[in-house]
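Letter by letter, the chains look like this.
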Amino acid sequence: MKKTAPDLFSYPRYWAECFGIAPFLPTSRKEMEQLGWDSCDIIIVTGDAYVDHPSFGMAVMGRLLEAQGFRVGIIAQPDWRSADPFMALGKPNLYFGITAGNMDSMINRYTADLRMRHDDAYTAGGKGGERPDRAVIVYSQRCKEAYTDVPVVLGGIEASLRRIAQYDYWSNKVRRSVLMDATADILLYGNAERAIVELSHGLAAGKSLDELGHLRGTVHIRQQPPAGFVELDSTRIDWPGNIDKLPNPYDFGNDQSGADKLLDPTNKRCGADSSVNTQSEDDHVAPIRIIPMPLKRKEKLDAETTYVRLPSFEKVAKDSSLYAHASRVLHQESNPHNARALIQKHGNREIWVNPPPIPLETAEMDGVFGLPYQRVPHPNYGKDKIPAYDMIRFSINIMRGCFGGCTFCSITEHEGRIIQSRSHESILSEIEDIRDKVPGFTGSISDLGGPTSNMYFLNCNDDDIQSNCRKLSCVYPVICKNLDTDHSPTTQLYRKARKMEGIHNIAIASGLRYDLAVKDPEYVRELVTYHVGGYLKIAPEHSEQNTLSKMMKPGMDTYYDFKKMFDRFSREAGKKQYLIPYFIAAHPGCEDEDMLSLSLWLKDNDVKVDQVQNFYPSPMSLATAMYYSEKNPLKQITYKSETLYIPRDKDQRKAHKTLLRYHDPENWPALRVKLKEMGREDLIGTRPGQLVTPEEEPKHRDNGARSKPLNKGTPMSKAGVRGKKTAAARQGKKRKGAGQSSIKKQQR
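Because the structure is a prediction, the values reported are computed rather than measured. (Residues numbered from 1 in each chain as written. Predicted model: local features only at pLDDT ≥ 70, side-chain atom pairs only at ≥ 80, totals over all residues. Heavy atoms only, no water.)

### Some words on the overall build of the protein chain
Point 1. Within the protein chain, the secondary structure is distributed over 25 helices and 24 strands.
Point 2. When the accessible surface of the protein chain is totalled, it reaches about 29100 Å², and 49% of it is carbon and sulfur. (Helix = DSSP H or I, 4+ residues; strand = E, 2+ residues; numbered from the N terminus. Areas by Shrake-Rupley, 256 points an atom, 1.4 Å probe, with all protein chains shown as cover.)

As structure tokens, then:
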């Protein structure tokens, strides 16, 4: 059954609403005095510069809490070397809220190849080093040092993706839940509007954190599980088979052995838990019951009083197979309408993860985005530019969430798979605000998008099915028949926006899910005719099925279908336009032969890519579990599971990136070495189809001829213009995956 929650704006306002709306949330005592405040109820500490804009998390949470009646202050990018800057606004009446900012502080500071970045797009002047590594931990500890008796609440993407034990790429080990290391009191994960509003009103009413331990979307440290719950051992309930072969949303595996046989067709069940609660009314005071073998049980369990025990931190830190298993179970328990609580032992304490928050309804999304944002940085920054703000100041977020399920991306783990969309009226109102209030606006909206540009109002067409589905993706391996792929709300939005006074151009800059777009040719026509300024970003990510299956990305047949449509509508519009493809190098499971096949596909299609990303093992993603464990968590994990090839060391990762950039003369020496190592000297030469010229040109050739095949081809921006498929073999050496019908988004 679909779960609901109280309206976000239905709570009685806190008494401090009498102070009214602040022009900017105060960042100093002086600003507090100007507002007539003697104290803050809540202080948000953030790793980003304070920009009062709905694309910045601290502004969204601060303005939302202000709308609930609370006095909210901001401490932005404090000097973490002492506790003094954390006392700048005094002692908060309720709690400190801690966020590293819009980005994970480690990803913000280091590249995928562990090189330190010297800039920071979320800092005034773009200056790097203004936030500490692992900012959530450091800020939390400093707040506790400043005021030991004030609760500390963690939130934002850095905390969200570290809510249980997680592999840490930067230290190359499994770390504890960030809640343990930060010494904080509670963690809010995902889109936390519901949790922070209920938490704030609860604390203001005098409730303890223990009394608020049931809140969805929160993580707590407990000494033991709550009474009245039934414990399921995760290693006993993870019975589904290979999800790659499952288009059916009612089940999570072809092999319906074990717990999945509890499926109740009359109730459209699709998970291992069941819908009928057979416990007595007094069970809430009963001791914990542990069911180690769900296969043998005959009762059906209520998800509200059932939790799943994951292997402990100590076990997953020592056993990578158990780590992959825990990651798999976490992702299975991600649907807010059927997820059960999770528990994971850390030493003698327990990390308790409540089920995910209920997604916001459209009216609530409108309310959040309609709060009184100034839409500019705080005046304290003067004329210093904040690059991240400059990038988005004329763009609009129209939705949240992503049901793509790409294994290398952490968006789903943070925002969820259920799409939350704003109304046309809300979006058009924001366009008016930009037009009328934002300095420097010239009539061009830079983006109407979100995590993707074309999932707006796309959701399951059956609430019962959506409430019970445990699939990791709605579009892999094929688009689910229950997914509504009608893009007309988006098409109509584009048309309304174009007609607005003072709006001359609307670009679509968010990445496009082309496998969805081809289901609605009218949308593609509208997009290509009016909203592509010459180039359109898409993300095939790879060409070979072996690697695409580890990414949960569609095959190249869909790319060709979209390309035909794109080219046709561009011609009809009388416009020269090109696709810009993104590819990931060194993805877990991607073998050298796969990268070579992709390189030859690029060569055959005269594609010269400049935007190449090495795989970045971000916390909690399924691909990161592959990277660490060498197992595939898209399938049931056993100790006999196949071992994946992982391009792990520096030379392997560099070689894969070199194969993608075959056209760059700086890569030619390394490319020749790699081809010889693979026994593919046949691809070294000057004939068409060969990847790289010999080190020394044959004497009968002109010295300048070597560069012509690579330097006078189609530029990167014309990626895939011809779209021809690669041959199945090259001079006697058959390429793995080539010739098959199936030839995105690293967290960008």
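There's plenty left to go through after this.
### A few points about the environment of I445
Point 1. In this fold, I445 is placed in strand β17 (residues 444-445).
Point 2. Considered as a pair, I445 and I506 are 61 residues apart in the sequence and their alpha carbons are 4.7 Å apart.
Point 3. Residues contacting I445, with those up to four places away along its chain left out, are F394, I431, I434, I503, N505, I506 and A507. (Contact = heavy atoms within 4.5 Å.)

### What to know about the packing of aromatic side chains
Point 1. Here the structure, examined in full by the defined rule, presents 28 aromatic pairs.
Point 2. Aromatic pair Y169 and W170: ring centres 6.1 Å apart, planes at 65°, arrangement edge-to-face.
Point 3. For W170, a relative accessible area of 16% translates into the label buried.
Point 4. A centroid spacing of 4.7 Å and a plane angle of 75° characterise the contact between Y456 and F457, whose relative ring orientation is edge-to-face.
Point 5. By relative accessible area, Y456 is classed as buried at 0%.
Point 6. Residue classification places F457 among the partly exposed residues on the basis of a relative accessible area of 33%. (Phe/Tyr/Trp six-rings, centres within 6.5 Å; stacked < 30°, edge-to-face > 60°. Buried < 20%, exposed > 50% of the residue type's maximum accessible area, 1.4 Å probe, protein only.)

### Examining the environment of Y559
Point 1. Relative to the assigned elements, Y559 resides in helix α20 (residues 556-572).
Point 2. Assessed through its relative accessible area of 1%, Y559 is described here as buried.
Point 3. Sequence separation between Y559 and A539 is 20 residues, and the spatial gap between their C-alpha atoms is 9.4 Å.

### Examining the environment of L548
Point 1. If you trace the backbone, L548 turns up in helix α19 (residues 545-551).
Point 2. Sequence spacing of L548 and C406 is 142 residues, and the spatial spacing of their C-alpha atoms is 9.6 Å.

### Brief notes about helix α18 (residues 521-530)
Point 1. All of the buried residues along α18 are Y523, V524, E526, L527 and V528.
Point 2. Buried residues along α18 sit in contact with α16 (488-498), α17 (514-517), β20 (535-541) and α20.

### Some words on the nonpolar core
Looking at soluble globular proteins, one finds that nonpolar side chains tend to be buried together.
Point 1. Grouped together as the largest cluster of nonpolar side chains are 120 residues, with contacts concentrated most on L199, I431, L448, L512, L536, F562 and L602.
Point 2. If near-sequence neighbours (up to four positions away) are discounted, L199 is found in contact with V153, I186, L188, L209, L212 and L215.
Point 3. Ranked by size, the runner-up nonpolar core spans 44 residues in total, among them I98, Y147, V178 and A184. (Core = buried A, V, L, I, M, F, W, Y, C linked by side-chain atoms within 4.5 Å.)

### Some points on the state of the cysteines
Point 1. Within this structure, the stated rule accounts for zero disulfides.
Point 2. Just so you know, C460 is unpaired, no disulfide at all, and the nearest cysteine sulfur is the one on C480, 6.1 Å from it. (Disulfide = S-S within 2.5 Å.)

### A few points about the pairing of strand β21 (residues 578-585)
Point 1. Within β21, eight of the eight residues are buried, leaving the element largely enclosed by the surrounding structure.
Point 2. Where burial is concerned, the two faces of β21 agree: the one with Y578, I580, Y582 and I584 and the one with L579, P581, F583 and A585 are both buried.
Point 3. Pairing between β20 and β21: five bridges, direction parallel. Considered in β21, the bridge of K537 is made with I580.
Point 4. Relative to strand β22 (residues 612-614), β21 runs parallel, the two being bridged by three bridges. Bridge pairing in β22 places I584 opposite Q613.
Point 5. Regarding the hand of the β-α-β motif, the stretch spanning β21, helix α21 (residues 592-604) and β22 is right-handed. (Pairing = 2+ DSSP bridges. Right-handed = clockwise from strand over helix to strand, strands pointing away.)

### Concerning the sheet that holds β20
Point 1. With respect to topology, three strands assemble into an open sheet ordered β20-β21-β22, the strand pairing being parallel. Edge positions in the sheet fall to β20 and β22, since each of these pairs with one other strand and no more. Taking the axes of each pair of neighbouring strands and ignoring which way they run, one obtains an average angle of 25° across the sheet.
Point 2. Where α20 meets the sheet, it contacts β20 and β21, and its direction lies at approximately 170° from that of β20.
Point 3. In this fold helix α23 (residues 650-660) packs onto β21 and β22, with an angle of close to 160° to the strand it touches most, β21. (Axes fitted to C-alpha atoms, helices over the stretch in contact; angles between N-to-C directions.)

### Digging into helix α24 (residues 668-677)
Point 1. Those residues of α24 that sit buried are W668, L671, R672, K674 and L675. Considered in projection along α24, the buried side chains sweep an arc of 165° and stay on one side of the axis. Facing away from the buried side of α24, by more than 90 degrees, are the exposed residues V673 and E677.
Point 2. One or two residues past the end of α24 sits G679, with phi positive at roughly 75°. (Arc of directions from axis to C-beta.)

### Focus: the confidence of the model for the protein chain
Point 1. Summing up the model confidence of the protein chain, the mean pLDDT is 87 and the portion of residues at 70 or higher is 84%.
Point 2. Across residues 239-286, confidence stays below pLDDT 50; counting only partners more than four residues off in sequence or on other chains, it has 118 contacts.
Point 3. Here residues 698-748 is modelled with pLDDT under 50, and outside its nearest four sequence neighbours on either side it reaches 140 contacts, counting other chains as well. (pLDDT = per-residue confidence, 0-100.)

### Regarding the side chain of E413
Point 1. With respect to the helices and strands, E413 occurs in helix α13 (residues 411-415).
Point 2. Although buried, E413 forms no salt bridge, and the nearest oppositely charged side chain, R417, lies 4.3 Å from it. (Lys, Arg positive; Asp, Glu negative; His and termini not counted. Salt bridge = Lys/Arg side-chain N within 4 Å of Asp/Glu carboxyl O.)

### Structural notes on unusual backbone geometry
Note on backbone geometry: most residues besides glycine have negative phi, and most peptide bonds are trans.
Point 1. Cis rather than trans, the peptide bond between Y476 and P477 has omega equal to 5°.
Point 2. As for its placement among the helices and strands, P477 is situated in the loop between α15 (463-468) and α16.
Point 3. Unlike most non-glycine residues, T183 shows phi in positive territory, near 55°.
Point 4. Its relative accessible area of 42% is what places T183 among the partly exposed residues.
Point 5. Even without glycine at this site, E541 takes up a positive phi of about 70°.

### Focus on the pattern of salt bridges
Point 1. Counted by the stated rule, this structure contains 46 salt bridges.
Point 2. The partner of R375 in a salt bridge is E430, with the nearest N and O atoms 2.7 Å apart. Residue R375 is located in the loop between α11 (362-369) and α12 (387-392), and its partner E430 is located in helix α14 (residues 424-437); the two are separated by 55 residues in the primary sequence.
Point 3. Taking the relative accessible area as the measure of exposure, E430 reaches 3% and is therefore buried.
Point 4. The salt bridge involving K674 is made with E677; its shortest N-O contact spans 3.0 Å.

### Observations regarding the packing of helix α10 (residues 320-332) against helix α22 (residues 622-629)
Point 1. Running from N to C, α10 and α22 point in directions that differ by 170°, and their axes come no closer than 9 Å. Put simply, α10 runs roughly antiparallel to α22. Contacts between α10 and α22 pair S320, Y323, A324, S327, R328 and H331 from the former with L622, A625, Y628 and S629 from the latter.
Point 2. The residue inventory of the contact of α10 with α22, partitioned by class, reads five nonpolar, four polar and one charged. (Parallel < 35°, antiparallel > 145°, perpendicular 65-115°, else oblique. Nonpolar A, V, L, I, M, F, W, Y, C, P; charged D, E, K, R; others polar.)

### Brief notes about the packing of α18 against α20
Point 1. At a closest axis distance of 9 Å, the pairing of α18 and α20 adopts a crossing angle of 50°. With respect to α20, the axis of α18 lies oblique. Here the hand of the crossing between α18 and α20 comes out right-handed. Of the residues in α20, those touching α18 at P521, V524, R525 and V528 are F562, M565, F566, R568, F569, S570 and E572.
Point 2. Each residue belonging to the contact of α18 with α20 can be placed in one class, and the counts come to seven nonpolar, one polar and three charged. (Left-handed = near helix turned anticlockwise from the far one by under 90°.)

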